[in-house]
Amino acid sequence: MTTTATGPTSDVELAIGGMTCASCAARVEKKLNRMEGVTATVNYATEKARVSFAAGVSVQDLISTVEATGYTAREPEPPVADTPAGEGGDEGEDDGLRSLRQRLVTAVVLAVPVVAMAMVPALQFEYWQWLSLTLAAPVVTYAAWPFHRAAFTNLRHGAATMDTLISVGTSAAFLWSLWALFLGTAGEPGMTHPFELTIARGDGSGNIYLEAAAGVTAFILAGRYFEARSKRKAGAALKALLELGAKDVTVLGPDGTERTVPVGQLAVGDRFLVRPGEKIATDGRVVEGSSAVDASMLTGESVPVEVSVGDAVTGATLNAGGRLVVEATRVGADTQLARMARLVEDAQNGKAAAQRLADRISAVFVPIVIALALGTLGFWLGNGAGTAAAFTAAVAVLIIACPCALGLATPTALLVGTGRGAQLGILIKGPEVLESTRRVDTVVLDKTGTVTTGRMTLLAVHTAAGTEEEDVLRLAGALEHASEHPVARAVAEGALARLGSLPTPEEFANVPGLGVRGVVEGHSVLVGRERLLTGEVPELPEELRQALESAEAAGRTAIVVAWGGAARAVLEVADAVKPTSREAVARLRDLGLTPMLLTGDNRRVALAVAAEVGIAADDVIAEVLPQDKADIVKRLQAEGRSVAMVGDGVNDAAALAQADLGLAMGTGTDAAIEAGDLTLVRGDLRAAADAIRLARRTLGTIRSNLFWAFAYNVAALPLAAAGLLNPMIAGAAMAFSSVFVVGNSLRLRSFRATD
């Protein structure tokens with residue numbers, strides 16, 4: 001993080017600690033924005049605050065305000081590409097995750113026997129209740145401590161969340177059990193839970209609820225742990241971008257000597273060597289040599305860019321051809337790659353975290369339950385029912401509201417839904433993703449690698465009269481097989497696929513920027529752009545002229561093949577559309593989405609691809625620079641659209657993070673995969689439609705789970721308030737709601753991908 005001056009204000013990014021839900025982020029944001037001259041946005045998913053502040057405010061003032069609100073704040077460490085997880089900047093996050101895992105393991109190991117003894121009468125030996133207390137105590141105190149701490153913080157600020165409900169419910173169950181064991185009759189030898197469904201008023205002194213306190217803690221800790229693991233990857237997109245760049249660079253001295261240094265030591269003005277197959281270390285200008293540069297991962301351009309002396313090149317792109325000497329013009333944080341990393345981070349910070357449904361419901365449910373419990377206590381005390389009976393009814397209200405099924409509602413549906421998705425090649429990152437799938441109405445598709453294969457392919461061979469296609473492929477393929485140019489590789493691979501083998505050229509020469517020439521089987525062969533033939537052969541025959549013009553009109557690369565003093569064929573090479581892309585676009589339309597094509601390629605190529613897959617010309621956005629893709633998504637969002645983005649390249653990472661829903665192709669780059677919300681492992685665009693359907697189905701299951709989880713508890717609240725709740729009814733209500741929630745979630749296993 002760096003504090004940057006922007007006129008009369010400065011910007012700073014703070015790492016916020018201690019937030020447990022989206023309402024915590026809203027509270028921190030509200031406190032910061034109350035400060036004079038401060039504008040802040042706080043993101044729960046990334047646990048960061050982006051703050052603009054006036055000259056009279058210091059960073060320490062901001063940190064103090066956050067700490068006074070009950071949370072921690074610090075300036076985060078910048079991401080380091082080669083720092084392993086759990087070291088350096090991730091140390092705090094790793095410690096937090098490790099602590100949560102320890103609490104979860106403790107809760108599960110100790111809670112399982114407590115629940116088993118309470119639910120299975122055969123296990124209730126003479127002093128079983130005291131063993132339950134011994135096992136449950138660490139769960140309710142140590143393991144559940146994060147919930148109690150968060151509930152206390154919420155109380156200080158007059159708020160109620162899921163943490164409040166968990167803390168109040170488990171504490172009430174545990175404290176009542178202590179009272180019943182030490183001061184009531186529950187601690188007597190041979191005590192068992194009475195398993196009859198009799199509705200009768202009693203003083204509750206023989207009832208314990210340790211299984212509810214321990215079980216709820218274990219279930220909800222499990223959900224929190226898996227959510228925390230998902231959230232911890234929020235910065236992985238930045239690391240993936242940094243990993244993309246070269247690590248070392250060969251610097252040329254004034255006398256031409258070569259020395260290899262870490263890329264971080266490169267300075268503006270240094271000249272460095274880039275051999276064929278190496279990554280260009282940083283942004284610069286070519287001062288010697290010529291080559292084809294594959295920039296598809298950064299720019300989305302499927303056709304390699306020919307560069308020579310004086311041309312600009314971008315760091316992290318691949319030198320696919322000859323030897324280059326480059327003079328560095330931008331290094332470090334000024335490079336295009338570093339600017340793209342900042343775009344991804346900005347998009348992640350600006351992306352509104354979905355409010356968790358459980359917190360929304362809890363904000364209303366918790367105050368109602370507490371008020372009802374207090375009202376019940378006051379009513380029975382005022383009617384002379386006795387202190388024990390009055391407190392039994394009041395605590396019963398809190399216990400029946402204990403969110404056992406609520407704790408299962410989201411984790412079980414997410415577990416089954418994500419498990420089914422993994423079987424179908426769809427990876428869902430976390431529950432916050434699901435809310436976005438319900439709202440999206442526009443899906444923006446990257447072209448290269450998403451709609452198309454992402455690699456150059458030989459698509460057609462047009463021959464002149466009297467020339468056999470097999471001869472063209474054999475001679476042209478043999479010559480191109482000796483070249484490293486991506487277009488040449490496409491021709492050679494296409495020829496090999498059709499013929500099985502190719503001859504070896506007797507002579508070979510590369511003509512920079514134009515093509516190749518050589519001798520194959522005694523023929524002097526030319527393969528390349530039309531200009532390569534100038535002065536060598538007469539004009540193209542009419543049929544080849546028409547084929548060349550038609551190929552270029554469709555946005556394809558046209559290659560002329562000549563030998564024996566005459567032009568013999570025109571080859572069409574292009575980034576081929578995936579066979580399933582047209583069907584995938586149709587399925588996305590069936591889901592109520594408007595497909596759009598977004599690409600860095602020229603508009604002619606984009607329109608040809610759009611027509612092939614069924615996207616309207618008005619929905620094509622072409623010739624977009626990598627850093628502008630996220631701006632296009634922002635513009636669509638400003639028009640009131642909810643946008644899903646499907647992409648696979650580094651150039652898509654910022655747009656994937658900015659979109660309401662990011663779908664990354666699993667065949668793409670790590671940066672794109674980490675920036676996306678859903679990953680499509682197969683690389684088949686049809687999986688995008690299946691992913692949205694599955695996510696919507698999973699969200700619907702979670703919603704129905706939450707409804708029924710509360711419905712069962714609410715239905716039992718009148719019995720509790722009337723003082724008619726015995727342990728069997730409490731246990732039955734909780735068990736039935738939990739079984740229903742699990743069964744409802746398991747229905748997701750029947751989800752099928754569309755054939």
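Residues numbered from 1 in each chain as written. Predicted model: local features only at pLDDT ≥ 70, side-chain atom pairs only at ≥ 80, totals over all residues. Heavy atoms only, no water.

Overview of the overall build of the chain
Counting its secondary structure elements, the chain contains 25 helices and 27 strands. When the 755 residues of the chain are sorted by exposure, 52% land in the buried category. Restricting the contact set of the chain to residue pairs at least 6 apart, pairs at least 24 apart contribute 70%. Summed over all atoms, the accessible surface of the chain reaches about 31,300 Å², with 56% contributed by carbon and sulfur. (Helix = DSSP H or I, 4+ residues; strand = E, 2+ residues; numbered from the N terminus. Buried < 20%, exposed > 50% of the residue type's maximum accessible area, 1.4 Å probe, protein only. Contact = heavy atoms within 4.5 Å. Areas by Shrake-Rupley, 256 points an atom, 1.4 Å probe, with all protein chains shown as cover.)

Here we look at the nonpolar core
In terms of nonpolar packing, the biggest core is built from 52 residues, with Ile208, Leu210, Leu221 and Val397 touching the most fellow members. If near-sequence neighbours (up to four positions away) are discounted, leucine 210 is found in contact with Val114, Gln129, Ser132, Leu133, Ala136, Phe174, Ser177 and Leu181. Ile428, Val577, Val620 and Leu748 belong to the second-largest nonpolar core, a separate cluster that totals 46 residues. (Core = buried A, V, L, I, M, F, W, Y, C linked by side-chain atoms within 4.5 Å.)

What to know about the packing of helix 16 (residues 469–481) against helix 17 (residues 486–499)
The N-to-C vectors of helix 16 and helix 17 enclose an angle of 135°; their axes lie 8 Å apart at closest approach. One element, helix 16, and the other, helix 17, form an angle in the oblique class. Crossing of helix 16 over helix 17 shows left-handed handedness. Touching Glu469, Glu470, Leu473, Arg474, Gly477, Glu480 and His481 of helix 16 are Ala488, Val491, Ala492, Ala495, Leu496, Arg498 and Leu499, all from helix 17. Of the residues belonging to the contact of helix 16 with helix 17, the class tally is seven nonpolar, two polar and five charged. (Axes fitted to C-alpha atoms, helices over the stretch in contact; angles between N-to-C directions. Parallel < 35°, antiparallel > 145°, perpendicular 65-115°, else oblique. Left-handed = near helix turned anticlockwise from the far one by under 90°. Nonpolar A, V, L, I, M, F, W, Y, C, P; charged D, E, K, R; others polar.)

Re the environment of phenylalanine 53
Residue position: phenylalanine 53 is located in strand 4 (residues 48–54). The spacing of phenylalanine 53 and asparagine 33 is 20 residues in sequence and 9.7 Å in space, taken between C-alpha atoms.

Focus on the sheet that holds strand 17 (residues 452–463)
Strand order in the open sheet made by the six strands is 17-22-21-20-19-18, with antiparallel pairing throughout. One side of each edge strand has no neighbouring strand; the edge strands of this open sheet are strand 17 and strand 18 (507–511). Mean inter-strand twist for the sheet, computed between neighbouring axes without regard to direction, equals 20°. Of the pairings in the sheet, the one linking strand 21 (residues 557–563) to strand 22 (residues 566–577) comprises seven bridges and is antiparallel in character. The residue of strand 22 that forms the bridge with alanine 558 is glutamate 572. Together, strand 17, strand 21 and strand 22 form the strand contacts of helix 17, whose direction differs from that of strand 17 by roughly 65°. (Pairing = 2+ DSSP bridges.)

Quick look at the packing of aromatic side chains
Considering all chains together, one arrives at three aromatic pairs under this definition. Plain terms: the ring middles of phenylalanine 379 and tryptophan 380 are 5.1 Å apart, the flat faces sit at 80° to each other, and that makes the pair edge-to-face. For tryptophan 380, a relative accessible area of 13% puts it in the buried group. (Phe/Tyr/Trp six-rings, centres within 6.5 Å; stacked < 30°, edge-to-face > 60°.)

What about helix 20 (residues 603–613)?
Along helix 20, the positions that sit buried rather than exposed are Val605, Ala606, Val609, Ala610 and Val613. Buried residues of helix 20 fall within an arc of 130° about the axis and therefore sit on the same side. In the core, the buried residues of helix 20 are packed alongside helix 15 (447–451), strand 17, strand 22, helix 19 (581–590), strand 23 (594–598) and strand 24 (620–621). Following helix 20 by one or two positions, glycine 614 has its phi on the positive side, about 95°. (Arc of directions from axis to C-beta.)

Some points on the pattern of salt bridges
Within the structure shown, the criterion is met by 24 salt bridges. Put simply, glutamate 327 and arginine 271 hold a salt bridge, and the shortest N to O gap is 3.6 Å. Separated by 56 residues along the polypeptide, glutamate 327 in strand 14 (residues 324–330) and arginine 271 in strand 8 (residues 271–274) bring together distant segments of the chain. Of the residues examined, arginine 271 reaches a relative accessible area of 41% and is grouped as partly exposed. The salt bridge partner of glutamate 639 is arginine 641, with a shortest N-O separation of 3.6 Å. (Salt bridge = Lys/Arg side-chain N within 4 Å of Asp/Glu carboxyl O.)

Side note on a nonpolar patch on the surface
A grouping of Met119, Val120 and Leu123 is seen on the molecular surface, where their side chains present a nonpolar patch of about 230 Å² in accessible area. Relative to the elements of secondary structure, valine 120 occurs in the loop between helix 3 (91–119) and helix 4 (128–143). (Patch = residues over 30% accessible without salt bridge, like charges linked within 9 Å, V, L, I, M, F, W, Y side chains within 5 Å.)

Comments concerning the pairing of strand 2 (residues 9–17)
In terms of residue burial, strand 2 counts as a mostly covered element, since seven of its nine residues are buried. Relative to strand 5 (residues 72–74), strand 2 is paired through three bridges, and the arrangement is antiparallel. The residue of strand 5 that forms the bridge with alanine 15 is arginine 74.

A look at the sheet that holds strand 6 (residues 248–252)
Across the sheet, which stays open at both edges, the six strands sit in the order 7-6-8-14-9-12 with antiparallel pairing between neighbours. Of all strands in the sheet, those with a lone pairing partner are strand 7 (258–262) and strand 12 (312–313), marking the two edges. In terms of strand pairing, strand 6 meets strand 8 through three bridges, oriented antiparallel. Along strand 8, the bridge assignment pairs leucine 252 with arginine 271.

Topic: a negative patch on the surface
The grouping of Glu542, Glu543, Glu549 and Glu552 at the surface amounts to a negative patch. The topology assignment puts glutamate 543 in helix 18 (residues 542–553). In this structure glutamate 543 comes out as partly exposed when scored by relative accessible area, which is 36%. (Lys, Arg positive; Asp, Glu negative; His and termini not counted. Charge placed at Lys NZ, Arg CZ, Asp CG, Glu CD.)

Some details on the UniProt feature "transmembrane region" (unreviewed entry) in the chain
When the UniProt feature table is mapped to this numbering, "transmembrane region" (unreviewed entry) covers residues 104–121, 127–145, 165–186, 206–226, 361–382, 388–416, 706–722 and 728–746. The distance separating the terminal C-alpha atoms of residues 706–722 is 25 Å; by composition the span is 94% helix and 0% strand. (UniProt positions renumbered as here; feature names shortened; annotations may be inferred.)

A look at the pairing of strand 22
Strand 22 sits mainly inside the fold: 10 of its 12 residues count as buried. Strand direction decides the pairing type here: strand 17 and strand 22, joined by eight bridges, are antiparallel. Bridging from a neighbouring strand, threonine 463 pairs with alanine 569 of strand 22. Connecting strand 21 to the antiparallel partner strand 22 that follows it, the hairpin turn spans two residues, and glycine 564 within it adopts a positive phi of roughly 65°.

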